[in-house]
Amino acid sequence: MSPDLHTHSTASDGTLTPTLLLERAAAAGVQVLALTDHDTLAGLAEAAVAAARLGLTLIPGAELSVTWAGRTVHVVGLNLDTQCGALNAGLGRILAFRDWRAEEIGRRLDRHGIPDACAGARDLARGTLVGRTHFARLLVQRGLAASEREVFKHFLVQGKPGHVPGQWATLEEALGWIRAAGGQAVLAHPARYGLTRTKMLDLIGVFRELGGAALEVVSGSHSKDDAFVFARHAREQGLLASAGSDYHGPECPWLDLGRLPALPPGCTPIWADWPHLDRPALALTPTVAPDPPPPPGWVPLPA
Ligand code: AMP
Ligand code: MN
Ligand code: MN
Ligand code: MN
């Protein structure tokens, strides 16, 4: 099974604690999992304790919010040194914007006749960072929409009353912080951005020039066709391929842990040369069976 290199916990907008997330992953047969909460490393210490107990390899990661060409794109950093000063300072700045944005979303929804939304979203976030997902859950709870998806569509996206434009990190900053932390940068769920082919090639080109390592070819929000399209982009642009479910919790029954499809043929997995994957079956399935062991008493011929 491929490693799952993109998941969320209650440290951001997931609904399982890091411990419950890792227990569910282990039960589903996942052996290598990256916890990649939005803009925070806060869940990783708890996740590491659970991973050690469960015998699962935890890849320390984060999904950084980036503003590129006036849009929001996400960059997953993998194998991060959680003590890195530059990364922690950068995430601190993004979190400060998140906090201000939560208040601003609250003020805008208030003007639209929806009071106390920021306080309600903060309650749902239980002291961790506040994302639009928390507002979406709140408005569903208040009966203002049938689903989180509907809340996004009617309240939280561009042109809607609770929309606040992102002022996230630049692509250059995000990739710089990931590099400073000794990590690898993955362009998350590229098919989700709705870019034209020209604009996508532009983004992939800049991402690669800034030191980006991989495209997230297999994603919980990609179709099979998307995976083939981005496998080809990765090959043509000399980038590695990553795979991640983008799991947020059991509320989405159509997307579970342990069900990632394999990377399309011809991709080089980002984990191909990870030294800490000492279980070779996880790294690359060998196309040629290994030689059988020599018979007892066998003596090698002189070279
Ligand atoms: P934020 O980073 O706080 O702006 O929120 C982005 C998160 O909202 C994403 O990571 C998803 O978890 C969630 N999200 C974005 N768009 C939608 C949507 N249309 N329906 C449901 N959840 C969404
Ligand atoms: Mn999310
Ligand atoms: Mn994302
Ligand atoms: Mn994600």
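Everything numeric here is computed off the predicted structure, so don't read it as measured data.

Participant: Describe the coordination of the manganese ion (ligand 4), listing the residues and the values that go with them.
Facilitator: For a metal bound by four donors in a tetrahedral arrangement, the ideal donor-metal-donor angle is 109.5 degrees, while six donors in an octahedral arrangement ideally sit at 90 or 180 degrees. Around the manganese ion (ligand 4), the donor atoms from the protein are His6 (NE2), His8 (NE2), Glu63 (OE) and Asp246 (OD), and they sit 2.1 to 2.2 Å away. Mapped onto the polypeptide sequence, the residues donating to the manganese ion (ligand 4) form the spacing pattern H-x1-H-x54-E-x182-D. A gap of 4.7 Å separates the manganese ion (ligand 4) and the manganese ion (ligand 2). Remark: Glu63 occurs in strand E3 (residues 62-68) and His8 occurs in the segment before helix H1 (18-27); sequence separation between them is 55 residues. In this structure His8 comes out as buried when scored by relative accessible area, which is 0%.

Participant: Let's hear about the site of ligand 1: which residues, and what values?
Facilitator: As a structural note, the neighbourhood of ligand 1 is formed by Asp13, His38, Arg98, Arg101, Gly131, Arg132, Thr133, Arg149, Phe152 and His248. A distance of 3.2 Å is found between an oxygen atom of ligand 1 and a side-chain nitrogen or oxygen belonging to Asp13. In the environment of ligand 1, an oxygen atom lies 2.9 Å from a nitrogen or oxygen atom belonging to the side chain of His38. Out of a free accessible area of 500 Å², ligand 1 has 78% covered by protein chains. Looking at the shell around ligand 1, the elements with two or more residues in it are helix H3 (85-111), helix H5 (132-141) and helix H6 (148-156). Broken down by class, the residue content of the shell around ligand 1 amounts to one nonpolar, four polar and five charged.

Participant: Describe H5, naming the residues involved and giving the relevant values.
Facilitator: In terms of burial, H5 is largely enclosed, as seven of its 10 residues are buried. Within the span of H5, buried status applies to Thr133, His134, Phe135, Ala136, Arg137, Leu138 and Leu139. The positive-phi residue at the C-terminal boundary of H5 is Gly143, with phi of around 75 degrees.

Participant: Quick rundown of the environment of Leu56? Include the residues and the values.
Facilitator: With respect to the secondary-structure elements, Leu56 resides in the loop between helix H2 (44-54) and strand E2 (57-60). Not counting residues within four places of it along the chain, the set of residues in contact with Leu56 comprises Leu22, Ala25, Ala26, Val30, Gln31, Leu33 and Ala51.

Participant: Please give an account of the coordination of the manganese ion (ligand 3) that cites residues and values.
Facilitator: Distances from the manganese ion (ligand 3) to its protein donors, Glu63 (OE), His74 (ND1) and His189 (NE2), fall at 2.1 to 2.2 Å. Expressed as a motif, the donor residue spacing for the manganese ion (ligand 3) is E-x10-H-x114-H. If you look at the manganese ion (ligand 3) and the manganese ion (ligand 2), they sit 5.7 Å from each other. Within this pair, whereas His74 is found in strand E4 (residues 71-78), its partner His189 is found in the loop between strand E5 (184-187) and helix H8 (197-209), the two being separated by 115 residues in sequence. There is no split in this pair, since His74 and His189 are both buried.

What counts as what
- Residues numbered from 1 in each chain as written.
- Chains lettered and ligands numbered in written order.
- Predicted model: local features only at pLDDT ≥ 70, side-chain atom pairs only at ≥ 80, totals over all residues.
- Heavy atoms only, no water.
- Donors = N, O, S within 2.8 Å, 3.2 Å for Na, K, Ca; no water.
- Helix = DSSP H or I, 4+ residues; strand = E, 2+ residues; numbered from the N terminus.
- Buried < 20%, exposed > 50% of the residue type's maximum accessible area, 1.4 Å probe, protein only.
- Near = heavy atom within 4 Å.
- Polar contact = N/O pair within 3.5 Å; in protein donor to acceptor, adjacent residues only side chain to side chain.
- Areas by Shrake-Rupley, 256 points an atom, 1.4 Å probe, with all protein chains shown as cover.
- Nonpolar A, V, L, I, M, F, W, Y, C, P; charged D, E, K, R; others polar.
- Contact = heavy atoms within 4.5 Å.

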